[in-house]
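# Structural overview for review
Take a look at the letters that make up each chain.
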Amino acid sequence: MDGSRDAPLILECTPLPRNRTTSINDPELDIANEVGNMGQDIPHPQACFSRQLREHNRRKQWSLNYQEAAIYLQEGHNNDKFYTHPQSHEALPAYQVAHNHWFYSLDLFAAVAVMLLAACERPAVQYLEMPVGVHGSIEMLCLLILSLDLGIRFKWLGWLGFLKHKRTLFKAVMIILMLVESIVVLVRQTNHFRVTRALRPLFLIHTHYCQGVRRITRQIMLSMPPILDMIVLLLFFMLIFSILGFYLFSGISTDENFKTIQSSFVSLFVLLTTANYPDVMMPAYNESRYYCVFFIIYLSLELYFLMNLLLAVVYDTFSNLEKTKVRSLFFHKREGCMHAFRLLVTQANHSQLSAKHFVGMMEFYIPNQTKRDYYLMFKALNTSKTGLVTLEEFFRIYEVTRLKWKLRSDSSLWSSNFKHPCNIIFRALNWFAKWKYLDYFIHVVVAGNFLWILIETIQISSEAVSVANYNFTASWISITFVCVYCVEVVIKILGRGPMDYFSKGWDVFDFLVTIVTVIGVFGEIFENSFYYVMVLRPFRLLRLFKVKKRYRDVLGTLFVLFSKLLSLAICIIIVYYFYAIIGMEIFLDTDLKDCCQNTSVQSFYAYKNGTANTGYYYLNNFNNIFVSGVTLFELTVVNNWFIIMEGYASAVSQWTRVYFMSFYIVMMVVMNIVVAFVLESFIFRINYRRQMHLDDIEDHGVYKEEMTLTESEMHMVSVTTAPISGQYIATQREPGPYVFQGERHRNREDFSLRMYRDEVEVWAEQFMANRREAVRAMETLRTRDRPNSQAQFEDVLFLPADEFSSTLNLTESTDT
């Protein structure tokens, strides 16, 4: 939020007498140090003469501060801008509605529905076409649902915040534009030229559940300047070679590729994709063997140097952006913690947070948790064992709140509570499941299974029989291998426990492969009933990925990247949707049969007597959204893509090449970004393993923390009416009898902070140095004769560095 509204409100109040006998539960001492945005309209408790009203206002103020502190923590975690914070108590209901999961789902449903309307509008998919009045009404309904989000956001953002939030403002402009167009369609009862439909995916990007897509899109936009520089350089050299090619080859009568500067540029653009090589070189090569030097130099420079350099630029940009993102999120979370912390401390102690107010805030931040879990989180934060949490300790709240706590009855066995003799049996299974030679034995079995499948496949191939008629009845060897896999899975599940087994990625991978293997064996037993299941047999060999570290890194990278790759896949679909809509509007009802007469691609579109003579390229059309997607995928694969481009250039206009060439450039950038994501994640995984001296990064996959509770603490967290206090932490001398273990899975951010731990320490020192410098500057100003020289500048400690600067600049300008 802006500096003027986000700055802490310094209250003028009479300080409490120092010689007064006080208690930790004294209401006079339990007054919030600051009033948040949502509590500004509530009278301060100390200003009330009625004790009952003073107590009511005190509780009301704490409740609002708890909610606002929880919102600050959520904004810090989600990397939301703090100027989107609710500005008043009246804005809180609208904020809560806008951040409700039901509302998120409704917004997602409307965004997806308005995109799918492209299948029902002109040109529609067969059997899905709707009358204009129907799809027009559905579009208006979806747009009105999407506008609900804007109305609610305006309620809690206000004019200033609404106009300042670019993404929301852009969404408002798009909704207004599309509402006007849908009204025109309903009034005219016919569809018109509407390329604005290509912008519908932006509604999907705006939804809460597409945060990953939004972040990747933001990364793509941030990385565009160096990428565009490389593309401009690529096209510049292409233009130079186009001019040179025109002068060299335009005089060759048999060479149609360089007759004009336009055809020369297009030919070399296609040559960059290698789709027309060596056909584009042959006429010139026939004229003179020395002309091959031109094409060799061009391909060496453009394809092998600049294109690879483009990938290197994309990778370098993304690797730097990843570290910048980690650093930015590190500071953003700390700023959110500072905002929350200043709302939770009291006037009596504005540098330490009590357990009572921590639990009060956590009931809003992470609801549906037990009182015991909240207290364990507080105790885990309080590493100094004082019973009060400092700001430095509070910075770890994002790590602690992700822990899942459970009472630990035995340090190693999940089955320790089982009765005799089951506990002995399960203890033996636990030892056997962790025995390292068990894994070695399984690796040998997998290798033997691989050789057996390979030999059997070679035998079937040498017999020259039809695979469809071959009897794949399960042999005793196949059943034996599968039984070994099943026994291994059962031993590990029973020995280590289901929770431990299914919490590790490789074990889940083994389990899924075993399930697929069992299905394949049953398919072989039932013979013809499940003939196609025989393709599942090679899946058993995927266990070989665990044998070598490099293979584990490859497959592990795939698992880690799955969510990101899913977001990237959605980004690619959005690009497809954008170009598909434009293609349908431009190329609707274009017939490519027998087009491109007297050109080099004429044979690909030849169509006589109802059949295609050479190719079926006339099927590559834009008659509906799904067919358009298939056509764009063919363009993405590159092979012979220029044949499709030349067909539409001949049937529609020569300028249509701009559409296809721009699509290639965009997809080239997107696919390079996909490669950069994979490379960055793979190299990060290897570097982390080497730096931490690990065999597998999964060894650090789970973070664990232990806390003990005494009898008194257990009674405090078990009784609902018992007040929460941190005094037991300060007075505890020995560990309690109740041991609780908290576990959470580390994500990419956790691994990054551990890998860059030296730099993180520098970041933290820089963060604290900025705060101290700002405090010293404010203290210097306080010594001057100013109207507000009696203000409590200690409270400024809880301001972020940027607000220090803005406050300092404002003060100096006033002085001048």
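The protein chain goes by Ion transport domain-containing protein in an unreviewed UniProt entry, where it is assigned to Lymnaea stagnalis. Here is the UniProt Subcellular location (unreviewed entry) comment for the protein chain, exactly as written: "Membrane".

The subject of this paragraph is the overall build of the protein chain. Looking only at helices and strands, the protein chain has 30 helices and seven strands in total. Relative to its 816 residues, the protein chain shows a buried fraction of 48%. Counted over contacts in the protein chain with a minimum sequence separation of 6, partners at least 24 positions apart contribute 74%. Accessible surface for the protein chain amounts to roughly 41600 Å². Of this, 62% is attributable to carbon and sulfur atoms.

This brings us to the packing of aromatic side chains. Under the definition given, this model contains 47 aromatic pairs. Considering the side-chain rings of Phe358 and Phe378, the 5.5 Å spacing of their centres and the 55° angle between planes classify their relative orientation as tilted. With Phe358 in helix 13 (residues 355-365) and Phe378 in helix 14 (residues 371-381), this residue pair connects regions lying 20 residues apart in the sequence. One aromatic cluster is present, formed by Tyr576, Phe578, Tyr579, Phe587, Phe622, Tyr648, Tyr659, Phe660 and Phe663 through successive ring pairs. Taking NZ or CZ as reference, Lys323 lies 4.6 Å from the ring centre of Tyr756, over its face. One cation-aromatic arrangement involves Lys333 over Tyr398; the distance from NZ or CZ to the ring centre is 5.0 Å.

Another point: the packing of helix 2 (residues 51-78) against helix 13. In a pair of packed helices, the angle between the axes and the distance between the axes together describe the arrangement. At a closest axis distance of 8 Å, the pairing of helix 2 and helix 13 adopts a crossing angle of 60°. One finds that helix 2 runs oblique with respect to helix 13. At the point where helix 2 passes helix 13, the crossing takes the right-handed sense. Across the interface between the two elements, Arg58, Trp62, Ser63, Tyr66, Gln67, Ala69, Ala70, Leu73, Gln74 and His77 from helix 2 touch Lys356, His357, Gly360, Met361, Phe364 and Tyr365 from helix 13. Here the contact of helix 2 with helix 13 is built from residues that sort into eight nonpolar, six polar and two charged.

Our next topic: the pattern of salt bridges. Pairs may arise between side chains of opposite charge once their charged atoms sit close together. Inspection of every chain in the model, using the stated rule, returns 26 salt bridges. Here Arg372 and Asp373 are joined by a salt bridge, their closest N and O atoms 3.2 Å apart. Glu488 is the partner of Lys492 in a salt bridge, and the nearest nitrogen-oxygen pair spans 3.2 Å. Placement of both Lys492 and Glu488 in helix 19 (residues 476-496) is noted, with a separation of four residues, approximately one turn of the helix. Linked by salt bridges that have partners in common, Glu121, Arg122, Glu139, Glu181, Arg194, Arg197, Arg200 and Glu585 make up one network.

What follows is about the sheet that holds strand 7 (residues 738-745). Read from one edge of the open sheet, three strands run 3-7-6, paired in antiparallel fashion. The outermost strands of the open sheet, each flanked by one partner alone, are strand 3 (404-407) and strand 6 (702-709). Looking at each pair of strands side by side, their axes are set apart by 25° on average, direction ignored. Of the strand pairs in this sheet, strand 6 and strand 7 are connected by eight bridges, and their pairing is antiparallel.

Okay, helix 9 (residues 224-249) next. The end-to-end C-alpha distance of helix 9 is 36 Å, a good match for the 38 Å that 26 residues give at a rise of 1.5 Å each. By the burial criterion, the buried members of helix 9 are Met224, Ile227, Met230, Ile231, Leu234, Met238, Phe241, Ser242, Gly245 and Phe249. Contacts from the buried residues of helix 9 go to helix 8 (211-222), helix 10 (261-272), helix 11 (282-287), helix 12 (292-344) and helix 25 (657-691).

Attention now goes to the nonpolar core. When a protein is soluble and globular, its nonpolar side chains tend to lie buried together. Core analysis: the largest hydrophobic core is formed by 106 residues, its most contacted members being Phe203, Phe295, Tyr605, Ile625, Leu632, Trp641 and Phe660. Counting residues per element, this core draws most heavily on helix 25, at 14 residues. If we ignore the near neighbours within four places in the chain, the residues touching Leu632 are Tyr576, Tyr579, Ala580, Phe622, Tyr659 and Phe663. By size, the runner-up hydrophobic cluster in this structure holds 63 residues, among which are Tyr398, Met692, Leu694 and Ala764.

Our focus in this paragraph is the state of the cysteines. Disulfide: a covalent bond formed between the sulfur atoms of two cysteine residues. Tallied over the entire structure, the rule returns zero disulfides. Left unpaired, Cys210 is separated from the closest cysteine sulfur, that of Cys571, by 9.0 Å.

The end-to-end C-alpha separation of helix 23 (residues 625-637) is 19 Å, in line with the 18 Å expected for 13 residues at 1.5 Å each. Considered for burial, the residues of helix 23 that qualify are Ile625, Ser628, Gly629, Thr631, Leu632 and Leu635. On an axial view of helix 23, the arc spanned by its buried residues comes to 165°, and they lie on one face. One side-chain oxygen at the N-terminal end of helix 23 lies 3.0 Å from the backbone nitrogen of Phe626; it belongs to Asn624. Following helix 23 by one or two positions, Val638 has its phi on the positive side, about 85°.

Moving on to the side chain of Thr317. Here Thr317 is to be found in helix 12. According to the relative accessible area criterion, Thr317 is buried, its value standing at 12%. Of note is the side chain of Thr317, whose polar atom sits 2.7 Å from the backbone oxygen of Val313. Apart from the residues within four sequence positions on either side, Thr317 is in contact with Ser223 and Pro226.

What follows deals with unusual backbone geometry. The residue after Arg122, namely Pro123, is reached through a cis peptide bond having omega -5°. Among the secondary structure elements, Pro123 is positioned in the loop between helix 4 (101-116) and helix 5 (132-164). Cis peptide bonds are those with omega within 30 degrees of zero, and the linkage from Tyr277 to Pro278 qualifies with 10°. Mapped onto the elements, Pro278 comes out in the loop between helix 10 and helix 11.

Relative to the helices and strands, Gln211 resides in helix 8. For the pair Gln211 and Ser567, spaced 356 residues apart in sequence, the C-alpha to C-alpha distance is 8.9 Å.

The subject of this paragraph is a nonpolar patch on the surface. Residues Phe154, Trp159, Leu163, Leu169 and Val173 make up a contiguous nonpolar surface patch of roughly 490 Å² in combined accessible area. Sorting the residues of the nonpolar patch by element identifies helix 5 and helix 6 (166-188) as the ones contributing at least two each. By residue number, the principal contributor to the nonpolar patch is helix 5, which donates three residues. You can see Val173 is positioned in helix 6.

Our next topic: the confidence of the model for the protein chain. The predicted coordinates of low-pLDDT regions are not to be read in fine detail. Here the protein chain averages 80 in pLDDT, while 82% of its residues score no lower than 70. Every residue in residues 528-533 is under pLDDT 50, and counting partners more than four places away or in other chains gives seven contacts.

Below, the discussion takes up the packing of helix 12 against helix 28 (residues 748-755). As a packed pair, helix 12 and helix 28 sit with axes 11 Å apart at the nearest point and diverge in direction by 95°. Here helix 12 lies roughly perpendicular to helix 28, going by the angle between them. Along the contact surface, helix 12 presents Glu322, Val326, Leu329, Phe330 and Lys333, while helix 28 presents Arg748, Glu749, Ser752 and Leu753.

What counts, and at which threshold
Residues numbered from 1 in each chain as written. Predicted model: local features only at pLDDT ≥ 70, side-chain atom pairs only at ≥ 80, totals over all residues. Heavy atoms only, no water. UniProt positions renumbered as here; feature names shortened; annotations may be inferred. Helix = DSSP H or I, 4+ residues; strand = E, 2+ residues; numbered from the N terminus. Buried < 20%, exposed > 50% of the residue type's maximum accessible area, 1.4 Å probe, protein only. Contact = heavy atoms within 4.5 Å. Areas by Shrake-Rupley, 256 points an atom, 1.4 Å probe, with all protein chains shown as cover. Phe/Tyr/Trp six-rings, centres within 6.5 Å; stacked < 30°, edge-to-face > 60°. Lys NZ or Arg CZ within 6 Å of the ring centre and 35° of its normal. Axes fitted to C-alpha atoms, helices over the stretch in contact; angles between N-to-C directions. Parallel < 35°, antiparallel > 145°, perpendicular 65-115°, else oblique. Left-handed = near helix turned anticlockwise from the far one by under 90°. Nonpolar A, V, L, I, M, F, W, Y, C, P; charged D, E, K, R; others polar. Salt bridge = Lys/Arg side-chain N within 4 Å of Asp/Glu carboxyl O. Pairing = 2+ DSSP bridges. Expected span 1.5 Å × (residues − 1). Core = buried A, V, L, I, M, F, W, Y, C linked by side-chain atoms within 4.5 Å. Disulfide = S-S within 2.5 Å. Arc of directions from axis to C-beta. Polar contact = N/O pair within 3.5 Å; in protein donor to acceptor, adjacent residues only side chain to side chain. Patch = residues over 30% accessible without salt bridge, like charges linked within 9 Å, V, L, I, M, F, W, Y side chains within 5 Å. pLDDT = per-residue confidence, 0-100.

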